[in-house]
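Observations on the model geometry
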Amino acid sequence: MPNCTRSILKIPCITTADRGTYYCKVYNLYHEAWSDQVQVNIGPGSFSDASWEAPKQKCGATDKVALLIGNMNYLHHRQLRAPMADVHELTNLLRQLDFKVVSLLDLNWQEMHSAVTEFLLLLDRGVYGLLYFAGHGYENYGNSFMVPIDAPASYTFKHCLWVQDVLQRMQERQTGLNVFLLDMCRKRNPNDESIPQPGPLRVTANIVFGYATCVDAEAFEVNKDDLSNGIFMSFLKKRLMEPEKVTVILDKVAEDMGRCEITRGRQALELRSNLSERRALTDSIQAPACQVTASTRNLQWAIAHVLPESCCLQFECGVKVQLGFAAEFSNIMIIYSRILETPKDIVSCSAQLSDFTEGPEVDLKHSNQESLLEAGSLLLSMDDLLPLEQPQLFTRISALQRLKKELSFTVCLHYKYTNLDEEVLEEQRVSVGKPLVSKLNLHEPRLSHTSSSDRQNSSIMESSSFSESFRANLPDLNPSSIRSASTSWSCYQGPMESPTFSSLKNEPEETICPEYFESEEPPAIKSLPSASSQELPFKFSNLPNSI
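My aim in this report is to walk through the structure given alongside it, one point at a time. (Residues numbered from 1 in each chain as written. Predicted model: local features only at pLDDT ≥ 70, side-chain atom pairs only at ≥ 80, totals over all residues. Heavy atoms only, no water.)

A word on the overall build of the protein. Summing up its helical and strand segments, the protein has 7 helices and 23 strands in all. Residues counted as buried form 52% of the 547 residues belonging to the protein. (Helix = DSSP H or I, 4+ residues; strand = E, 2+ residues; numbered from the N terminus. Buried < 20%, exposed > 50% of the residue type's maximum accessible area, 1.4 Å probe, protein only.)

Here we take up the pairing of strand β5 (residues 63-70). β5 sits mainly inside the fold: 8 of its 8 residues count as buried. Of the two faces of β5, both are covered, the one formed by Asp63, Val65, Leu67 and Ile69 as well as the one formed by Lys64, Ala66, Leu68 and Gly70. Of the strand pairs in this sheet, β5 and strand β7 (residues 127-134) are connected by 8 bridges, and their pairing is parallel. Within the sheet, the bridge partner assigned to Leu67 lies in β7 and is Leu131. Of the pairings in the sheet, the one linking β5 to strand β6 (residues 100-105) comprises 6 bridges and is parallel in character. (Pairing = 2+ DSSP bridges.)

Once that is clear, we can look at the sheet that holds β7. As a general point, the strands of a sheet are linked pairwise by backbone hydrogen bonds and lie either parallel or antiparallel. What the 6 strands build is an open sheet, ordered β6-β5-β7-β11-β12-β14; its pairing is mixed. In this open sheet, the two edge strands, each paired with only one partner strand, are β6 and β14 (270-273). Pairs of neighbouring strands in the sheet enclose a mean axial angle of 10°, with direction left out of account. (Axes fitted to C-alpha atoms, helices over the stretch in contact; angles between N-to-C directions.)

This part is about the packing of helix α2 (residues 109-121) against helix α3 (residues 163-171). Two elements in contact, α2 and α3, have axes separated by 10 Å at closest approach and are oriented at 20°. Between α2 and α3, the angle falls in the class roughly parallel. The interaxial crossing formed by α2 with α3 has right-handed handedness. Note on element contacts: α3 touches α2 through Val166, Arg169 and Met170, opposite Val116, Thr117, Phe119 and Leu120. Partitioned by chemical class, the residues of the contact of α2 with α3 number 5 nonpolar, 1 polar and 1 charged. (Parallel < 35°, antiparallel > 145°, perpendicular 65-115°, else oblique. Left-handed = near helix turned anticlockwise from the far one by under 90°. Contact = heavy atoms within 4.5 Å. Nonpolar A, V, L, I, M, F, W, Y, C, P; charged D, E, K, R; others polar.)

Here we take up the packing of aromatic side chains. Per the counting criterion, the structure on display carries 9 aromatic pairs. Pairing Tyr138 with Tyr155 gives two aromatic rings, centres 5.7 Å apart and planes at 35°, and the pair type is tilted. Taken as a pair, Tyr138 in strand β8 (residues 137-140) and Tyr155 in the loop between β9 (143-146) and β10 (161-162) lie far apart in primary sequence, 17 residues in all. Each member of the pair Tyr138 and Tyr155 is classed as buried. (Phe/Tyr/Trp six-rings, centres within 6.5 Å; stacked < 30°, edge-to-face > 60°.)

Let's shift gears to helix α1 (residues 83-96). Since the α-helix packs 3.6 residues into each turn, any two residues three or four apart lie on the same face. The end-to-end C-alpha distance of α1, which contains 14 residues, comes to 20 Å, matching closely the 20 Å that a straight helix rising 1.5 Å per residue would cover. In terms of residue burial, α1 counts as a mostly covered element, since 10 of its 14 residues are buried. Taken together, the buried positions of α1 are occupied by Pro83, Met84, Ala85, Asp86, Val87, His88, Leu90, Thr91, Leu93 and Leu94. In the segment just after α1, Asp98 is the residue with positive phi, at about 70°. (Expected span 1.5 Å × (residues − 1).)

Taken as a whole, this structure holds 22 salt bridges when the rule is applied. The partner of Lys252 in a salt bridge is Glu244, with the nearest N and O atoms 3.8 Å apart. Look at Glu244 and you get partly exposed, because its relative accessible area is 28%. Of the charged contacts in the structure, one is a salt bridge between Arg429 and Asp355, with a shortest N-O distance of 3.2 Å. Highlighted residues: Arg429 in strand β22 (residues 424-431) and Asp355 in the loop between β18 (346-354) and β19 (361-362), separated in sequence by 74 residues. (Salt bridge = Lys/Arg side-chain N within 4 Å of Asp/Glu carboxyl O.)

So, on to a nonpolar patch on the surface. There is a patch of nonpolar side chains on the surface, built from Met1, Leu9 and Ile11 and spanning about 340 Å² of accessible area. Mapping Met1 onto the fold places it in the segment before β1 (20-22). Exposure remark for Met1: the relative accessible area of 72% places this residue in the exposed category. (Patch = residues over 30% accessible without salt bridge, like charges linked within 9 Å, V, L, I, M, F, W, Y side chains within 5 Å. Areas by Shrake-Rupley, 256 points an atom, 1.4 Å probe, with all protein chains shown as cover.)

The next subject is the side chain of Ser114. Position of Ser114 among the secondary structure elements: in helix α2. There is a polar contact of 3.0 Å between the side chain of Ser114 and the backbone oxygen of Leu442. For Ser114, the contacting residues outside a window of four places in its chain are Leu442, Glu444 and Arg446. (Polar contact = N/O pair within 3.5 Å; in protein donor to acceptor, adjacent residues only side chain to side chain.)

To continue, consider the state of the cysteines. All chains considered together, the criterion is met by 0 disulfides. With no disulfide of its own, Cys312 has Cys311 as its nearest cysteine by sulfur position, at a separation of 7.0 Å. (Disulfide = S-S within 2.5 Å.)

Here you go:
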C-alpha cells in the first residue's frame, strides 16, 4: 500500500478468507518498524448480530454529449420559425449541465448523415448521448424520420434520416444513456409505403424517447413574428435543469402541457422509455476508465468549436483595425470589425468585409451592420462583448459546414482626409482557416450504414476513415489555441437521386400554434392545406422546430 498514511485499514465485503493475523510494517530504505499483531477470527456466527446493507449505486456518466439540429429554411416545404430559438435555448441549458454540445442549423441530407456519424465518434462506454431535432418529420409504422432541408416535395425515407437506425448505432457505442427529443410532427407520409427493417436492438434498458406530440399528430410553434420557442421547448426548458430521472422530467413536461388550454386536445407529449436506472441529465461526470479515449473525445469535440483568433490589421494610412469572432451556433459565426487607431488627419473611416470564400452563406444586405440585430443575429446581444467605446460593424456567416477550403475575405477600409472630399479605399485579404464545424467536412460522404452486419464489418474502417480529417487538423491545434464556441467573443479570450415519385405532394402537417402565451382565450388557429388531411374547424400550422 504505497504512500498510505491512515492508521486504520478497512476491508469491505469480508469473507472467511480474510481471517488471520494482521500487523503493519512501515519501512523505507534506511529503517523499518512493526506494529502489534491482531488476530482476526471470521466464522459462521460472526455476522449473527450484524446487519448488512448494499451501498446505493449512484449513476454517473463518463461523459455527456449532445447533438442539436434545427432545420428551418426548407427548399421545397414550408419554412419554420422556432428551431433556431429552440436549439439556442437547449444549447445554453445543456452546457450548464456539462454537456459537450454541437448545435447545427439548416442541414441537407448529406450534412445530417455526416453530423450524426461525427456525433457517434464522441460516444463511448458509459457516455450520455442526447439527440434533439426540430424541423419537419413524419412517422410510418413506428419508424420516425427527420426531414433535411433539401428533401424533395414528395420525399420518402431515402431522403430523410431514420431515427431508429441512429439509435442502433448509438447502442453499438455502449452508451450509458440514449435520449432522443424529437420536436417534429408524426403524421403518416402517404408517399412512403416502405417499411425499413432496423437490425436487432440490444436490450440495454437505457433508452428514452421524448416526442413533442403523439402518433399521427402534429406539433406546433407559436405564431408570432418575434423569436419564440416552439410549444415543446417552451415547457421543456422550465424542467430540464431539475435533478430528476429523465423520464420523471418528461412526465412533468407532459403534465404541464396537458394543463395548457391552447394545447389540450391538440398536442400532447409522448414518452417511450425502457430506462431501468435512475439516470438524470444532471448526473455528474465520473472519471473514465481510459483517459486516452476521453482525451481523444475532448479533442474531437474541440476541433468543431475552434474560433479564429482575434487579429489586428495595420493599413498604410496608419489606421489599425481589429477583427473579432463569435459563435452563434456550431455552424454560424459572427465577425465584427472596429477601428482601434486613426491618424489625426483622417476625419472618418470604416472597415467593411466583402468577397467571402464560396460555400458559406453571407447575406450581403445584412452584412457590415452597426448592430447584431441588423446583421441577422437575433440571439447574441451586445452584453456578450466587453464594453467597447469604438463603433463596430457586424457580419453573420452561416452554413459553415459547406466551407470546402479556408475561409478568406477582404477587409475594405474606407476613409477621408481632412483636406480631401473624396473617399479613399485600402484593401487587405485575410484568411482565418476553417472555423468551427467546417473542419469536420460534413459535406463529404461518409461510409454507408445499411445493416448491422455491414456496420460490424466496417467498424474499424469507419473509425480510421473519419479520424483522418480529424487527425489532419491536429497540427493546427494546441491547448492554448483551442477556444470553445461557448466562449462568446474571441477578442477577449447531396441527397440521393430522387426516384420517380407519385404526383401527390407530401407535406406532413406541421402546424403553428397561435400566441397562446399572451391570450386568455384560445385564438383562432389556421390549418395548412394538405393532400393527406381534411380541413378542421380550427386552424393549425405545423410545428417548425424539430431536428
